[in-house]
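Fold and geometry: a report
Single-letter residue listing:
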Amino acid sequence: MVWERKRKEMEPIVARAAALASVAHAGQFRRGGVVPYFSHPEAVAAIVARFLPEDVDAIAAAYLHDVVEDCGIAPEEIARDFGPAIAAGVLALSKVPGLPVEGYRAGLAAAPGWVASVKCADIIHNAGDVAEVDPAFARRWLPGKIADLEVLGHADPAIYAEACAVVARAWAVASHAA
């Protein structure tokens, strides 16, 4: 895979982010307990690398985007190991317990464009086949992604357009399955 070769050539910070995410998500699964969870941050990082191939911070944050929320990794640990910019990006991408969804979206709206781009990549990967796998869930879940996209217009234009298209396709499939 081209991305695997390119990842080996990236700065060590990306490799360290991938390693931390792999260890942090060890034993976690997606899709009914079948797919190792690490496949998700790896796919999100590959999407980010396709659109922002030179943005090391964005690619590293893509690997790390769920470690605070799902694995209990402290933002301070991310800051210590990856620097304040990546830590701030990962925190903006994390749904912190007790923070209302409006606060989460306000954080995404205020975050730098590269953070919005990582969120778009997350949406692309998560929405890719959700309607085919579980149309009822998709009809409940996709309105939240549409609302997220409303605050992500400052992302890279190409990744934002793809995220909008993927969500629109998923919504069309889910709506027809009703």
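Structure first, text after, so check above.
These notes cover the structure that comes with them. (Residues numbered from 1 in each chain as written. Predicted model: local features only at pLDDT ≥ 70, side-chain atom pairs only at ≥ 80, totals over all residues. Heavy atoms only, no water.)

Pairs can form between side chains of opposite charge whenever their charged atoms are close. Within the structure shown, the criterion is met by 5 salt bridges. Ionic pairing is found between Glu162 and Arg50, a salt bridge with its closest N-O pair at 3.3 Å. Residue Glu162 is found in helix H12 (residues 157-176), and its partner Arg50 is found in helix H3 (residues 39-51); the two are separated by 112 residues along the sequence. For Glu162, a relative accessible area of 24% gives the class partly exposed. Of the charged contacts, one joins Asp148 and Lys145 as a salt bridge, the two residues approaching to 2.9 Å between their closest N and O atoms. Pair noted here: Asp148 and Lys145 are both in helix H11 (residues 135-150), with a separation of 3 residues, about one helical turn. Of the residues examined, Asp148 reaches a relative accessible area of 1% and is grouped as buried. (Salt bridge = Lys/Arg side-chain N within 4 Å of Asp/Glu carboxyl O. Helix = DSSP H or I, 4+ residues; strand = E, 2+ residues; numbered from the N terminus. Buried < 20%, exposed > 50% of the residue type's maximum accessible area, 1.4 Å probe, protein only.)

Interhelical geometry of H3 versus helix H4 (residues 56-64) gives an angle of 160° and a closest axis separation of 7 Å. Classified by the angle their axes make, H3 and H4 are roughly antiparallel. Viewed along their axes, H3 and H4 form a crossing whose handedness is right-handed. Contact residues: H3 offers Pro41, Glu42, Val44, Ala45, Val48 and Ala49, while H4 offers Ala58, Ile59, Ala62 and Tyr63. (Axes fitted to C-alpha atoms, helices over the stretch in contact; angles between N-to-C directions. Parallel < 35°, antiparallel > 145°, perpendicular 65-115°, else oblique. Left-handed = near helix turned anticlockwise from the far one by under 90°. Contact = heavy atoms within 4.5 Å.)

Counting 59 residues, the largest nonpolar core has Val48, Tyr63, Leu64, Ile78, Ile86 and Leu142 as its most contacted members. It is helix H9 (residues 113-127) that contributes the most residues to this core, 9 residues altogether. Ignoring anything within four residues of it in the chain, the contact list for Leu64 reads Ala17, Leu20, Ala21, Ile78, Phe82, Ile86 and Val90. (Core = buried A, V, L, I, M, F, W, Y, C linked by side-chain atoms within 4.5 Å.)

A few words on the packing of aromatic side chains. Throughout the structure, instances matching the rule amount to 2 aromatic pairs. For the ring pair Phe38 and Tyr63, a centre distance of 6.1 Å and an interplane angle of 15° mean the geometry is stacked. Of this pair, Phe38 sits in the loop between strand S2 (35-36) and H3 while Tyr63 is found in helix H4, placing the two residues 25 residues apart along the sequence. Look at Tyr63 and you get buried, because its relative accessible area is 0%. Taking 6.1 Å as the distance between ring centres and 20° as the angle between the ring planes, the aromatic pair formed by Phe137 and Trp141 counts as stacked. Placement of the pair is Phe137 and Trp141 together in helix H11, with a separation of 4 residues, close to one helical turn. The residue whose ring lies beneath Arg30 is Tyr37, and the NZ or CZ to ring-centre distance is 5.7 Å. (Phe/Tyr/Trp six-rings, centres within 6.5 Å; stacked < 30°, edge-to-face > 60°. Lys NZ or Arg CZ within 6 Å of the ring centre and 35° of its normal.)

An ideal rise of 1.5 Å per residue puts 21 Å on 15 residues; H9 measures up with 21 Å between its terminal C-alpha atoms. Most of H9 sits out of view: 13 of its 15 residues are buried. (Expected span 1.5 Å × (residues − 1).)

The next point concerns H11. For H11, which comprises 16 residues, the first-to-last C-alpha distance of 22 Å matches the rise-based estimate of 22 Å (1.5 Å per residue) to within 8%. Trp141 marks the point of greatest bend in H11, at about 35°, and the proline Pro143 comes within the next four residues. Within the sequence span of H11, burial applies to Ala138, Trp141, Leu142, Lys145, Ala147, Asp148 and Leu149. Looking at the buried residues of H11, the elements they touch are helix H8 (101-110), H9, helix H10 (130-133) and H12. (Bend = angle between axes of the 7 residues up to and from the residue.)

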